[in-house]
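This is what each chain is made of:
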Amino acid sequence: IGGEWYSMNRHGFAKASQFTLVEEGKDRLAYCLTASEETEKRYPFQFALTVAYTLTEDGYETAFTVENTGDKPMPYAIGGHPGFNIPVDEQAAFEDYVIRFEKEETQRCPGIVGDKLLDYSQITLELEGEREIPLRHQLFARDALIFENLNSHTVALVNPATGKGVEMEFSQFPLLGIWSAQNNGPYVCLEPWTGCGTLATEGDVFEQKKGMRSLAPSGKESYAFTIRFL
C-alpha cells in the first residue's frame, strides 16, 4: 500500500479488533471500530466501521457501514462469516440437508491452493443450470466453495423432507463463500463478501486485488444481509 509492506491476518484485521457498543435497543445492537495506532500497522487508513444487528420477525439482519474519515481514497473489502448448526433444531443428519439456491445456477468454483490462494484454473465444483447441492462433508475437502455473480439473491441450507433450515438474502454482495470444517464439523458458514482472498495470479498491490472497492474522503457505503430461520 503506497509502496510500503503491511501484514494482515487471514479474514482481515476487523475480526480480531475490539469494537465499541454505540447503540443498544430492544431489538438492535450496533458496534463501531475506528482507526487506531494498532489498525494502522495493518491498514494505513482513517476509517469507521459500524456493524449493526437487528432482530426481525423470523431471523435477523447484519448491516455494515464503512466510512472514510481520512483525506485520501480508501480501498476496502467487507464481508461476513456467520455459521449455523446443521441439523437445525431437529433430529436429522448433516447429509439430510441441501444447499438450495433461489434460481438455477451455472458456476465454476475456484480451487484454493498453496497458502490459501484462489486458483481459477482449478475447479472444485461445477454447476450447470442447477439449484441444489446435496450437503456432504466431502464438499469442503478443499476448503470453501466460492460463488460469484449468482443469479440468486437467496441461498438456503434446508432439509427437503421437513423444510427446516436457514435462508440468507445476500443481494448486495457479488461473492458468496460456503464453508465447513473438514473434520466433520456440525455446521456450515454462509459468507457474503464484496471481495475475496488473494488470487494465485495476483500481485501484491492492495488496491488492485479482486473485488477491492474505493471510498473517497468523507465517503460512506453500507451493505446488509438477512437471515431467516425456516
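Residues numbered from 1 in each chain as written. Predicted model: local features only at pLDDT ≥ 70, side-chain atom pairs only at ≥ 80, totals over all residues. Heavy atoms only, no water.

Chemist: I'd like a description of the overall build of the chain, backed by residues and values.
Modeler: If you tally the helices and strands in the chain, you get one helix and 15 strands. Dimensions along the principal axes, computed over C-alpha positions, put the chain at roughly 55 × 50 × 30 Å. Going through the 230 residues of the chain one by one, you find that 43% of them count as buried. Surface accessibility of the chain: about 12200 Å² in total, with carbon and sulfur atoms responsible for 47%. The chain carries 20 positive and 34 negative side-chain charges, and their two centres are separated by 1 Å. (Helix = DSSP H or I, 4+ residues; strand = E, 2+ residues; numbered from the N terminus. Buried < 20%, exposed > 50% of the residue type's maximum accessible area, 1.4 Å probe, protein only. Areas by Shrake-Rupley, 256 points an atom, 1.4 Å probe, with all protein chains shown as cover. Lys, Arg positive; Asp, Glu negative; His and termini not counted. Charge placed at Lys NZ, Arg CZ, Asp CG, Glu CD.)

Chemist: Hey, could you go over the side chain of Glu 202 for me, with residue numbers and the actual values?
Modeler: One can find Glu 202 in the loop between β13 (187-193) and β14 (213-215). A polar contact of 3.1 Å, which involves the side chain of Glu 202, links it to the backbone nitrogen of Leu 199. A distance of 2.6 Å separates the side chain of Glu 202 from the backbone nitrogen of Lys 210, its partner in a polar contact. In contact with Glu 202, not counting residues within four places along its chain, are Gln 208, Lys 209 and Lys 210. (Polar contact = N/O pair within 3.5 Å; in protein donor to acceptor, adjacent residues only side chain to side chain. Contact = heavy atoms within 4.5 Å.)

Chemist: So what about the environment of Glu 221? Which residues, and what values?
Modeler: By the element assignment, Glu 221 lies in strand β15 (residues 220-229). Remark: the alpha-carbon pair of Glu 221 and Glu 23, spanning 198 residues in sequence, is separated by 19 Å.

Chemist: Account for the nonpolar core, with residues named and values stated.
Modeler: Ile 99, Phe 101, Leu 135, Phe 147, Val 155 and Ile 178 are the most contacted members of the largest nonpolar core, which totals 48 residues. Discounting chain neighbours no more than four positions away, the residues touching Phe 101 are Leu 127, Arg 131, Ile 133, Phe 147, Leu 150, Ser 152, Thr 154, Val 155 and Leu 176. (Core = buried A, V, L, I, M, F, W, Y, C linked by side-chain atoms within 4.5 Å.)

Chemist: Can you explain the pattern of salt bridges? Please cite residues and give values.
Modeler: In the structure shown here, the tally under the stated rule is 12 salt bridges. Taking the shortest distance from any N to any O, the salt bridge between Arg 10 and Asp 143 comes out at 3.6 Å. With Arg 10 in the segment before β1 (20-24) and Asp 143 in the loop between β8 (117-134) and β9 (145-148), this residue pair connects regions lying 133 residues apart in the sequence. As a salt-bridge pair, Glu 167 and Arg 228 come within 3.0 Å of each other at their nearest N and O atoms. One end of the pair, Glu 167, is in strand β11 (residues 165-169); the other, Arg 228, is in strand β15, with 61 residues separating them in the sequence. By sharing partners, the salt bridges in this structure join Arg 10, Lys 116 and Asp 143 into a single network. (Salt bridge = Lys/Arg side-chain N within 4 Å of Asp/Glu carboxyl O.)

Chemist: I'd like to hear about the pairing of strand β7 (residues 98-113), residue by residue, with values.
Modeler: Relative to strand β10 (residues 154-158), β7 runs antiparallel, the two being bridged by four bridges. Within β10, the residue paired with Ile 99 across the bridge is Leu 157. The sheet contact formed by β7 and β8 spans 11 bridges and is antiparallel. Paired with Arg 100 across the two strands is Glu 132, which belongs to β8. Between β7 and β8, which pair antiparallel one after the other, the connecting turn spans three residues, and Gly 114 there sits at a positive phi close to 55 degrees. (Pairing = 2+ DSSP bridges.)

Chemist: Lay out the sheet that holds β11 with the relevant residues and their values.
Modeler: In space, the nine strands of this open sheet follow the order β1-β2-β3-β4-β15-β11-β10-β7-β8, with antiparallel pairing throughout. The open sheet terminates on both sides in strands that have one partner only, identified here as β1 and β8. The sheet shows a mean angle of 25 degrees between the axes of neighbouring strands, direction not considered. (Axes fitted to C-alpha atoms, helices over the stretch in contact; angles between N-to-C directions.)

Chemist: Describe in detail the environment of Asn 68, supporting the description with residues and values.
Modeler: Summarising the element assignment, Asn 68 is placed in strand β4 (residues 59-68). Distance from Asn 68 to Ala 48, taken between C-alpha atoms, is 6.7 Å for residues 20 residues apart in sequence. Each residue touching Asn 68, except ones within four places of it in the same chain, is listed here: Gln 46, Pro 73, Met 74, Leu 215, Ala 216, Pro 217, Ser 218 and Gly 219. Here Leu 215 takes part through its backbone oxygen, which lies 2.9 Å from a polar atom of the side chain of Asn 68.

Chemist: If you had to explain the pairing of strand β12 (residues 175-179) to someone new, which residues and values would you point to?
Modeler: When a strand is regular, its side chains alternate between the sheet's two faces. Most of β12 sits out of view: four of its five residues are buried. Pairing between β12 and β13: five bridges, direction antiparallel. Bridged to Gly 177 within β13 is Glu 191.

Chemist: Explain unusual backbone geometry to me, and be specific about the residues and the numbers.
Modeler: Across the junction of Ile 86 and Pro 87, the peptide omega takes the value 10 degrees, indicating a cis bond. Positive phi values are uncommon outside glycine, yet Asp 89 reaches one of about 50 degrees. For Asp 89, a relative accessible area of 66% gives the class exposed. Even without being glycine, Asp 143 reaches a positive phi, approximately 85 degrees. On the basis of relative accessibility, which here comes to 8%, the residue Asp 143 falls in the buried class.

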